[in-house]
Amino acid sequence: MKSKLLLLLFLGSFVYGQENLSYQKPPQEILTLADYERAPSVSISANKEYMLLSYRNTYKTLDDLNQEEMRLGGLRINPVTNISSTVTYINNLKIRKLTDKNEIQVKGLPENSRISNLSTSINQKKIAFSNTTSTGVELWVIDVASAQATQLTEATVNANMGNPFSWFTDNEHILVRMLVKNRPALIDEKKDLPTGPIVSSGDGSVSQNRTYQDLLKNPSDEQNFETLVTSELYKISITGKASLFMKADMYSEESISPDGNFIMISTIEKPFSYIVPLNRFPEKTVVCDKDGKEIKVVNQTPLIEVMPKGFSSTRKGKRSFAWRNDKPATLYFVEALDEGDQAKKVEFRDELFVWDAPFINEPTSLMKMNQRYAGIQWGDETTAIVMDRWYDTRNMKTYLLNPSKANQKAQVIFERNYQDIYADQGSFETKKNEFGKYVLLLENNSAYLIGQGFTKEGQFPFIDELNLRTLKTKRLYQSAYTDKKEDIISFEDVKKGEALVMIQSKNEYPNYYFRNLKGKVKLTQLTSFKNPFESIKNVYKEVIKYKRKDGVELSGTLYLPAGYDRSKKEKLPLLIWAYPTEFKDKNSAGQNSKNENQFTFPSYGSFIYWVTRGYAVLDNASFPIIGEGTAEPNDTFIEQLVANGEAAIDAVDKLGYINRKKVAVGGHSYGAFMTANLLTHSNLFACGIARSGAYNRTLTPFGFQSEQRNYWDVPAVYNTMSPFMNATKMKTPLLLTHGEADNNPGTFTLQTERYFQALKNLGAPVRMVILPKESHGYVAKENILHLLWEQDQFLEKYLKN
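Residues numbered from 1 in each chain as written. Predicted model: local features only at pLDDT ≥ 70, side-chain atom pairs only at ≥ 80, totals over all residues. Heavy atoms only, no water.

**With respect to the nonpolar core**
Core analysis: the largest hydrophobic core is formed by 61 residues, its most contacted members being Y546, I576, L618, F685 and L734. Element by element, the count of residues in this core is highest for helix α5 (residues 637-654), at nine residues. Those residues in contact with L734 that lie beyond four places of it in its chain are T675, L679, G688, I689, A690, Y755, L759, P765, V766, R767 and F794. Judged by nonpolar contacts, the second largest core, of 48 residues, contains L31, L33, Y55 and Y615. (Core = buried A, V, L, I, M, F, W, Y, C linked by side-chain atoms within 4.5 Å. Buried < 20%, exposed > 50% of the residue type's maximum accessible area, 1.4 Å probe, protein only. Helix = DSSP H or I, 4+ residues; strand = E, 2+ residues; numbered from the N terminus. Contact = heavy atoms within 4.5 Å.)

The following block contains the structure:
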């Protein structure tokens, strides 16, 4: 029997309750582009001796999604196979020496491979991976030199909490989470009667919890969660010999020290919660020696159901525990000095500590920060880079820290608005050290920065040398392409001047090269992937720039059909695809991050397919929402949204290419929310497509997207921004789509269902398509092809004709 979609339909004045419709395929022009073979993903070894090519299907199938699933504590688990039900699997692996052109098929791979969790040994001679069978997860290992795969375990690995294994530093053993022997049977709620009501309570504390999905709901969920995440830790050799390392517990993370002598292990504790996901459950972190003997309890975190308001707020207590990559066995962590509450007025917000094993002495303070800690990169005994940031101001500082001198004040080397991409100094380059860990690339008392190179004139990526004495930068290389796009992946060899880059153009698929900054042979090509979208190679593509009425600079990538005569200027229907973004200043909001030389990669996530159907497309159109000073962006959300839409249409209309009465707008998630509001509050568009959005903000009362205030702080803002609350104003044709099993906080499938019911009953022309088994992003081939058919039918009816 063919699969069916539930399509609820209300068009014009005729009411059809629902339509039982088999899966459809889009027109051939679109199908040719959508039904393509995906190129492999490339991973190049740190020693630059080989590359691993990972192959996977272009799409999942509906059958892939039609598996058993339990949704517990924020996880989606297949209880039969004991791995996340959302994993995208690799189906083949090949190895290629960088000095050779021929790829080598990895021998001995499991039949019908479903590979995930690839992990390379410290010496890069072995690659571990998991393979999911119909009954569970197996551990396998590849010998890189021989390209031979070997199975190490039966299907008894527990991958319910994510990556289930870690390499020991001897390169001979792997620490693995395994299923508990004689594991209790899972509770079937349909068969087992409850023993009492479900009761939750509040103690009077004020908090700001968002609307999380897939939470625990009752005692049966609690027991099933504990059963599924409980593992035993085993030490397994690459020969397959296994020994119990630690008894059963709810292990959430294992991290081996760089020297291999200590292991930091975190376990989930009780009580669980019905209002927050597992990352806020109680947790205990201990350090044991390499034989599993406990050395020290380094942290205990309570259940965190109460969190202060604001995106710069965090939890109380120690957090961000990890090993220093540059030391044999030293932990570092951060602790809030304002109790995690951004509303408190204090001189310092966070404090950074280090703690040497075996943790007999107290932790040592390295620095205090005026803003919230945002990360650290370790270099060596005297060099580290620390970052802090503050959301309300978008300010970010980068510091040079000497970890060997705790009393020495860190130097600010960079400070900027982190949304100001034109002022971005780049990211610090790293290399692997003797422990096989990534640390700062340091040579001749200099560090090195790789930048994306966005400017007003275009994108020109660069490599800079930062003198750590003078804190001055020297430009070593800057891409000069104006007809291609070059991404600098890594700076491989400072002395030889070698960098790994990726080069692409509108019609040239991204490929890897070695670039020599000093030698005569500038480029050495490493991969030769072909363009799978030849049918759109002659499509016209240009980044256009224009201004909003208030002077804010905007941009978008304009596509015109192949063969379109730009001198005759036939009037085309226009499709605009966009996603709103919040800013605190007009300068950052007006900057352009689009590059017309980026390879044209059509997907269901945009309207690019429709350039083959005679439409003009403005993709990724700028839709900034700005709140300068003390103003919040959403205070004028509707006004700015409409101004953005009007500016985009005016810009393309001014070029003479479109019929401005035939313009459609579309978006996914917050872009769907944008679409519904544009159709509700303006007459700019003939129709719209809104996918997997949220339309009633009273159902996300403690914040959404970048809104920090709750509903009771600003009810007028929430109500004004909610298309559901303004449904009587909406009379423009709208196609609503949503995944049946949306897992994104805030965008419950119910949002689309209720908005559809409101529009339908109020007489708006609306069609709703619920895609079976899909979550927030769509992955099944049957659903995606049908979605493209739905969109094409809708646009042909309400826009083109």
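This is not the end of the story, as more comes after the structure.
**Re the pattern of salt bridges**
Counted according to the given criterion, the structure contains 34 salt bridges. Linking R709 and D635 is a salt bridge whose minimum nitrogen-to-oxygen distance equals 3.0 Å. Of this pair, R709 sits in the loop between β50 (687-691) and α7 (715-721) while D635 sits in the loop between β48 (624-626) and α5, placing them 74 residues apart in sequence. Taken together, the salt bridges that share partners define one network made up of E29, R613, D792, E796 and K800. (Salt bridge = Lys/Arg side-chain N within 4 Å of Asp/Glu carboxyl O.)

**Regarding the pairing of strand β23 (residues 330-336)**
Of all seven residues making up β23, six are buried, and the element is well covered by its neighbours. Pairing geometry for strand β22 (residues 318-323) and β23, over four bridges, is antiparallel. If you follow R319 over to β23, its bridge partner there is V334. Pairing between β23 and strand β24 (residues 350-356): seven bridges, direction antiparallel. (Pairing = 2+ DSSP bridges.)

**Some words on the confidence of the model for the chain**
Mean pLDDT for the chain: 95, with 98% of residues reaching 70 or above. For the stretch residues 1-15, pLDDT sits under 50, and the model shows 53 contacts to residues farther than four places along the chain or on other chains. (pLDDT = per-residue confidence, 0-100.)

**Comments concerning the environment of G671**
Among the structural elements, G671 can be located in helix α6 (residues 670-681). The class for G671 is buried, based on a relative accessible area of 0%. Considered as a pair, G671 and N433 are 238 residues apart in the sequence and their alpha carbons are 43 Å apart. Apart from the residues within four sequence positions on either side, G671 is in contact with A578, Y579 and P580.

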